[in-house]
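Architecture at a glance
Each chain is listed here by its residues.
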Amino acid sequence: TSADSHNVLPTEAFTSEQERQSVQKDFYLENQQIRIKSDRSTIHVVYEKGVANLIEEMVNVYCLMQEENSGGEQVIRVFTRDTGRFDLANRTFTAEHVLIQRYRIAGSALTEDFEDAELLMSGHADQVEVTFDGKVNFRATRFRGAVVDSSLSASCDELFFDGKTQIVTAINFHLTLDDTG
């Protein structure tokens, strides 16, 4: 019947691509918002054995993540990279050689204007992985950075942020104090 013909899955494997411009993804969790933007992306679809895998390769990636949002003030994590990869099936975003910054700013709406913000931390990670599975999990591998309003710098093999409690766990964490200032 014609109704049955609309529900037929492909019997052979195939691949497909779709080009996109000015991409923006917004995720909302409780009082937290996450935005991933890119100038352009390519979605790759691979269909095999009844399963479609969708991977989005993003170019000029800019991500904003509200870490804290209460009392008219928020802390926003920002990271940028030339390229990134979003696995739609696993709801995972990954990027390599990433600049990560944290800001404190007034207001509760996610903003991209940091002119009046206080820079709290700035650093680089060899790899970043963000998963969206009911909460946001952030993992930075081999992070090297500085806490801005003091003379502290830090590096570690892995840095984890639990999306619910913002607990930070570091493995092989190294902290140095610069007493020259």
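Computed from a predicted model, the values in this text were never measured in an experiment. (Residues numbered from 1 in each chain as written. Predicted model: local features only at pLDDT ≥ 70, side-chain atom pairs only at ≥ 80, totals over all residues. Heavy atoms only, no water.)

So, the overall build of the protein chain
Helices and strands together make up the secondary structure of the protein chain, namely one helix and 10 strands. Pairs at least 24 residues apart make up 47% of the contacts formed inside the protein chain by residues separated by at least 6 positions. Roughly 10,700 Å² of accessible area belongs to the protein chain as shown, and the carbon and sulfur atoms make up 48% of that amount. (Helix = DSSP H or I, 4+ residues; strand = E, 2+ residues; numbered from the N terminus. Contact = heavy atoms within 4.5 Å. Areas by Shrake-Rupley, 256 points an atom, 1.4 Å probe, with all protein chains shown as cover.)

Here's the deal with the pairing of strand β3 (residues 51-70)
Pairing analysis gives 14 bridges linking strand β2 (residues 32-48) to β3, with the strands arranged antiparallel. By the bridge assignment, I34 is partnered in β3 with M65. The antiparallel hairpin formed by β2 and β3 contains two residues in its connecting segment, where K49 sits at a positive phi of about 50°. Strand direction decides the pairing type here: β3 and strand β4 (residues 73-87), joined by 14 bridges, are antiparallel. Bridge pairing links M58 to G84 in β4. (Pairing = 2+ DSSP bridges.)

Remarks on the pattern of salt bridges
Per the counting criterion, the structure on display carries 13 salt bridges. Taking the shortest distance from any N to any O, the salt bridge between R35 and D26 comes out at 2.8 Å. Across the pair E112 and K37 runs a salt bridge, and its minimum N-O distance is 3.1 Å. Note that E112 is positioned in the loop between β5 (92-106) and β6 (118-132) and K37 in strand β2, a separation of 75 residues in sequence. Owing to a relative accessible area of 33%, E112 belongs among the partly exposed residues under this scheme. Where salt bridges share partners, they join D26, R35, K37 and E112 into one cluster. (Salt bridge = Lys/Arg side-chain N within 4 Å of Asp/Glu carboxyl O. Buried < 20%, exposed > 50% of the residue type's maximum accessible area, 1.4 Å probe, protein only.)

Focus: the side chain of N69
Mapped onto the secondary structure, N69 falls in strand β3. Take N69: its relative accessible area is 16%, and that puts it in the buried class. Separated by 3.1 Å, the side chain of N69 and the backbone oxygen of S108 make a polar contact. Other than its neighbours up to four places away in sequence, N69 contacts N31, Q74, G107 and S108. (Polar contact = N/O pair within 3.5 Å; in protein donor to acceptor, adjacent residues only side chain to side chain.)

Here's the deal with the nonpolar core
Membership of the largest hydrophobic core comes to 23 residues, with the highest contact counts inside it found for I36, F79, F93, I100, V128 and V130. When residues of this core are traced back to their parent elements, those giving at least two are β1 (14-29), β2, β3, β4, β5, β6 and β7 (136-147). A total of five residues in this core trace back to one element, the largest contributor, which is β6. When residues no more than four places from it in sequence are discounted, the contact partners of V128 are F79, F93, T94, A95, V98, I100, F138, R139 and A140. Counting eight residues, the second-largest nonpolar core is a separate cluster that includes Y103, I105, L110 and F114. (Core = buried A, V, L, I, M, F, W, Y, C linked by side-chain atoms within 4.5 Å.)

Describing the confidence of the model for the protein chain
Per-chain confidence: the protein chain averages 79 in pLDDT, with 76% of residues scoring 70 or above. Within the protein chain, the element-level pLDDT minimum falls on strand β9 (residues 168-171), averaging 39, and the maximum on β5, averaging 94. Under a pLDDT of 50 for its full length, residues 160-181 has, in the predicted model, 51 contacts with residues more than four places off or in other chains. (pLDDT = per-residue confidence, 0-100.)

Focus: the pairing of β2
Summarising the sheet, β1 and β2 pair through 15 bridges and their orientation is antiparallel. Bridge pairing in β2 places Q18 opposite I43. Linking two consecutive strands that pair antiparallel, namely β1 and β2, is a turn of two residues; a positive phi of about 50° is found at E30 within it.

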